[in-house]
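As a plain string of letters, each chain reads:
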2 protein chains.
Amino acid sequence: MRKEVEISSIFGETLEKLKGQGVILIAGDPPNLMTIGWGTIGFIWGKLIFTVLVRPSRFTYSRMESSGEFTVNLLPDAFSHQLSLCGSKSGRDVDKIAECGFTLERGIHVTTPFIRESSIHFECRIIHKHDLLPETLDKGILKKYYPMGDLHRVFYGEIVGVFK
Amino acid sequence: MRKEVEISSIFGETLEKLKGQGVILIAGDPPNLMTIGWGTIGFIWGKLIFTVLVRPSRFTYSRMESSGEFTVNLLPDAFSHQLSLCGSKSGRDVDKIAECGFTLERGIHVTTPFIRESSIHFECRIIHKHDLLPETLDKGILKKYYPMGDLHRVFYGEIVGVFK
């Protein structure tokens, strides 16, 4: 049974996961899983916010657009194989949920599911989005990460619940 | 003498300050001080990022644009009067540094100064920026915070140092 937790207490841990093995973003119906290592957490418009970045070419992109929700799932270190698989394979080609052996449960405040095996999960409702702008992005970053374009869209999720 | 600190250890504290009495954003030469309560921290493009939001109408806005840098200063609770002053008065009308009795010191990795009386400060270099988009922003937020327009610009600062 999941319990709601105070976000400040797991903020550092979430940053470490992002910087390290990544976290799993879930969006859509049917849900798609994708490992991400980029995102920010903070406070805007009087709300706790989790921003995540998804490229238009990704399978998850259209699911973020249509559902307007997502969950972010932190996995214990033992799941590095699954995190690697969800970061390298596309949901277009592989049934990632079956391959990973994950059990999905319906979200508590959103309809998007979370991973039962996760140690912590965030439930988010998208309240803003915009694309990165090539003209105002650092030139070194543009060259390194976007030689073919496909600039990320930044999705601002209101954190409607954090559970462990 | 300031010492560099590990960001994960002060992430929760920074979020609490943002949500609570606010933090002081400094930008420009001469520097302007502004209390902010909105921002996010995370990891994008392999870099630690602090995003802050500034409205075009604010005195700080042109200073962010021209300097390309900023510092974020966390103050002890005893400085609530100064935080209130820097959030309510404009640097166009008041010498906030003198009014607050702050001592500014030149940044360690940036030229923008930090407040000596701060408990922690972040030094940031702007590597991306974009304006909030009225068409993709939640309608309730648009109505509540932007009845007169003046939508915030989001400045993405690469955190080049965190000190206490």
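What you see is a predicted model, and the numbers here were worked out from it, not measured in a lab.

K.L.:
Just checking my understanding: could you explain the interface of chain B and chain A for this structure?
P.N.:
Put simply, an interface is often sized by how much accessible area is lost when its parts join up. Listed per partner, the contact involves 31 residues of chain B and 31 residues of chain A. Of all the secondary structure elements, the ones that give two or more residues to the side of chain B that touches chain A are α1 (11–19), β3 (39–44), β4 (47–54), β8 (120–131) and α5 (139–145) of chain B. Its residues placed into classes, the side of chain B that touches chain A shows 16 nonpolar, 11 polar and four charged. Bridge count between strand β3 (residues 39–44) of chain A and β3 of chain B: five bridges; the pairing is antiparallel.

K.L.:
What exactly am I supposed to notice about the relation of the copies chain B and chain A here?
P.N.:
The operation relating the pair of chain copies consists of a rotation about an axis and a translation along that axis. Take chain B, turn it by 180°, move it 0.0 Å along the axis, and it overlays chain A with an RMSD of 0.0 Å. Seen this way, the second copy is the image of the first under a two-fold rotation axis. Here 100% of the contact residues of chain B are again contact residues in chain A; the copies associate through an equivalent surface.

K.L.:
Help me understand the environment of R58 of chain A, please; the structure alone is not making it clear to me.
P.N.:
All names here are of chain A. Along the chain, R58 turns up in the loop between β4 (47–54) and α2 (59–67). Of the residues examined, R58 has 21 C-beta atoms within 10 Å and is grouped as buried. Through-space distance from the C-alpha of R58 to that of F163 is 27 Å; in sequence the pair is 105 residues apart.

K.L.:
Explanation requested: the nonpolar core in the structure shown.
P.N.:
Burial of nonpolar side chains together is a common tendency in soluble globular proteins. Counting residues in each nonpolar core, the largest one holds 90 residues, and the members touching the most others are I24 of chain A together with I24 of chain B. Not counting the four nearest positions on each side in its chain, I24 of chain A is found in contact with L33, T35, N73, L75, L83, C86 and I115 of chain A.

K.L.:
Where do I start with the confidence of the model for chain A in this structure?
P.N.:
The predicted structure's coordinates, where accompanied by low pLDDT, should not be read in detail. Across chain A, pLDDT averages 95, with 100% of residues at or above 70. In the model output, the complex is listed with pTM 0.96 alongside ipTM 0.96.

K.L.:
I keep staring at the packing of helix α1 (residues 11–19) of chain A against α1 of chain B and nothing clicks. Help me out?
P.N.:
Angle between the axes and distance between the axes: these two values describe a pair of packed helices. Where α1 of chain A contacts α1 of chain B, the axes come no closer than 7 Å and their chain directions differ by 120°. Taken as axis vectors, α1 of chain A and α1 of chain B run oblique relative to one another. On α1 of chain B, the residues touching F11, G12 and L15 of chain A of α1 of chain A are F11, G12 and L15 of chain B. Of the residues that constitute the contact of α1 of chain A with α1 of chain B, the class distribution is four nonpolar, two polar and no charged.

K.L.:
What is the right way to read the pairing of strand β2 (residues 32–36) of chain B from this model?
P.N.:
For a regular strand, side-chain orientation follows a simple rule: the groups alternate between the two sheet faces. Residue and element names in this part refer to chain B. For β2, the tally of buried residues reaches four of five residues, placing the bulk of the element in the interior. Pairing analysis gives five bridges linking strand β1 (residues 23–27) to β2, with the strands arranged antiparallel. Its bridge partner being in β2, I26 is matched across the sheet by L33.

About the thresholds
- Residues numbered from 1 in each chain as written.
- Chains lettered and ligands numbered in written order.
- Predicted model: local features only at pLDDT ≥ 70, side-chain atom pairs only at ≥ 80, totals over all residues.
- Contact = placed C-beta atoms within 7 Å.
- Helix = DSSP H or I, 4+ residues; strand = E, 2+ residues; numbered from the N terminus.
- Nonpolar A, V, L, I, M, F, W, Y, C, P; charged D, E, K, R; others polar.
- Pairing = 2+ DSSP bridges.
- Least-squares fit on C-alpha atoms with pLDDT ≥ 70 in both.
- Buried ≥ 20, exposed ≤ 12 C-beta atoms within 10 Å, placed from the backbone.
- Core = buried A, V, L, I, M, F, W, Y, C linked by C-beta atoms within 7 Å.
- pLDDT = per-residue confidence, 0-100.
- Axes fitted to C-alpha atoms, helices over the stretch in contact; angles between N-to-C directions.
- Parallel < 35°, antiparallel > 145°, perpendicular 65-115°, else oblique.

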